[in-house]
Amino acid sequence: MRRVLLSLACLLAFILCARAEQQRNVILILIDDQRFDALGYMGHPFLETPNLDRMAAHGVHFENAFVTTSLCSPSRASILTGLFAHNHRVVDNYHPVDDHLTFFPELLQQAGYETAFVGKWHMGDTEDPQRGFDHWVSFKGQGIYWPHETGLKIKGRYVPQAYQSGININGQQVDQKGYITDELTDYALDWLTHRASKDEKPYFLYLSHKAVHADFLPPNRYAYRYENEPVPRPKSWADDPSAFTDVPMWVQNQRNSRHGVEFAYYTELDLANYYRRYCEALLAVDDSVGRVLQHLQDNGELEDTVILFMGDNGFLFGEHGLIDKRTAYEESVRVPMIMHCPSLFPAGTRVPEIVANIDVAPTLLAAAGIAPPAHMDGRSFLPLAQGRPIADWREYLLYEYYWERNYPQTPTTHALIGRDWKYIRYHGIWDTDELFNLRDDPRETTNLWHHPDHQERVAELNAKLFAELKATTGMDLPLLPDRGTKFYHRKDTGSRGAEFPDWFYREAGTSGL
């Protein structure tokens, strides 16, 4: 009998230890518009990110992290649901997530987690508390960096959906007091310190920064820090036509638009200064990460807390003659992604496999010991972060962006993104598609879609693209009512319409491809 009781006690201890092992505290830190290369440890010529560098050195750097839609609201919806945009149907920055969709923090709550959201929500015109979160701190739309008329050294331009309506804390409106990145960090650390079930439940914190969304306004302590740093303008097809092959007409035309270098945001934008302000605003983000890490260390939680840091999409600063995001080009779709949990991940791990925002929900659920739901499009990359291979991991990632009437410069886009090749298919326009050899052409200057030596690869990747769409119920295009201001104009003194490529023309009586 004594042996049986001893065995039962050992079994109970094992179960409790396993539960403690499974129910780790989890923190997700999301940054807006941070490029994959906007990090000190990525070899940036002047940007300093010591805290993020530390996270990567002692954690996991995902070398090929992407978003499945490079736009704020769709990407955020994919992070919360584990679904492609064609399944969660948030395909612009104006429409909310449907009530029937499950956010992964709801599943964490069901498993006994205490949850908090702090920061930018930006799915629908709301700041109200959302399902899945016990504690709520947010603001409407894009929010603002600074709430006062004066006091900030650097001034910005008008940004759509940047409401100055204060901060909603669990349904109660309060004034924003200071610089938003610092203030959101204050709210996050206050919740970690004083949360209701501090000694009873594990926690999940989602810290979702406004930074570094345009217009980039750094705090005064970093204003003009990089004023004298050289910022070479990226070469595009307009600067050196001989270095580019078969640039789509829509790309050439977008150069003279709100999202092009000729007429950026309808201004005479100095891209070099714009990028300097971007980097200066990122310094406050790195400070925020450092404060979170320090809090965990001071409270003995750093070793066992799973932290995932990532961007919601990238950003173009003149590459291809474009600015902003939405496109399937590398600067738009690649994002920084770092995981940290010393007791779980070997320090200095590098993951070369392709991971994405749709994988975040299943991964963080798995880190909490919860089996991801079968309906999610993404998969857990937790084993990859631990240095364990996954035999059937994806070779290509599906990318999608759906044309917006507000910003008609960028067409509906589907792409397959691999480590060596990228195939981009445009929908609804009379133009060329794109194929890039990323190994030889990481800047995507040589479009091989029409090259006779690559027609078999184009056909193969086209078939794979439609197979992936079919397998994920993505054969129907989401269509939503028009909302928001329409930015369809071109600069009156700017470039005119692009010409069709020569190979589009042929004699009468000939067939198609």
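Just so it is clear, the model here is predicted, and its values are computed rather than measured.

Engineer: Before we go on, may I ask you to explain empty space enclosed by the protein in this structure?
Structural biologist: Inspection of the entire model under this criterion finds four cavities of 30 Å³ or more. Lining the largest cavity are 19 residues; nearest its centre among them are Gln142, Pro160, His213, Asp324 and Tyr407. Residue classes in the lining of the largest cavity are distributed as eight nonpolar, five polar and six charged. Within this model, the second largest cavity holds a volume of roughly 60 Å³.

Engineer: In this structure, what is going on with helix H10 (residues 360–367)? I would like to understand it.
Structural biologist: Of all the eight residues making up H10, seven are buried; the element is thus mostly covered by neighbouring parts of the structure. Taken residue by residue, H10 has Val360, Ala361, Pro362, Thr363, Leu364, Leu365 and Ala367 as its buried positions.

Engineer: Mind showing me how you'd approach the environment of tryptophan 121 here?
Structural biologist: Along the polypeptide, tryptophan 121 turns up in the loop between strand S3 (114–120) and strand S4 (135–139). Classification of tryptophan 121 as buried rests on a relative accessible area of 3%. Along the primary structure tryptophan 121 and glutamine 142 are separated by 21 residues, whereas in three dimensions their C-alpha atoms are 8.4 Å apart.

Engineer: Would you take a moment to explain the sheet that holds strand S15 (residues 421–427) for this structure?
Structural biologist: Strand pairing in a sheet is mediated by backbone hydrogen bonds. Such pairs are either parallel or antiparallel. Taken in spatial order, the four strands of this open sheet run S13-S14-S15-S16, and their pairing is antiparallel. Every other strand in the sheet has two partners, leaving strand S13 (397–401) and strand S16 (434–437) as the edge strands with one partner each. Within the sheet, the average angular offset between the axes of one strand and its neighbour, ignoring direction, is 15°. Relative to S16, S15 runs antiparallel, the two sharing four bridges. Bridging from a neighbouring strand, tyrosine 423 pairs with leucine 435 of S16. Helix H12 (residues 455–471) rests against S13, strand S14 (412–417), S15 and S16 of the sheet, and its axis sits at about 70° to S15.

The rules we used
- Residues numbered from 1 in each chain as written.
- Predicted model: local features only at pLDDT ≥ 70, side-chain atom pairs only at ≥ 80, totals over all residues.
- Heavy atoms only, no water.
- 1 Å grid on protein atoms, 1.4 Å probe; cavity = no way out; pocket = protein on both sides within 12 Å on 5 of 7 lines; lining within 4 Å.
- Points joined across faces, edges and corners; volume = space filled by probe spheres on them.
- Nonpolar A, V, L, I, M, F, W, Y, C, P; charged D, E, K, R; others polar.
- Buried < 20%, exposed > 50% of the residue type's maximum accessible area, 1.4 Å probe, protein only.
- Helix = DSSP H or I, 4+ residues; strand = E, 2+ residues; numbered from the N terminus.
- Pairing = 2+ DSSP bridges.
- Axes fitted to C-alpha atoms, helices over the stretch in contact; angles between N-to-C directions.
- Contact = heavy atoms within 4.5 Å.

Just geometry here; none of it tells us what the structure is for.
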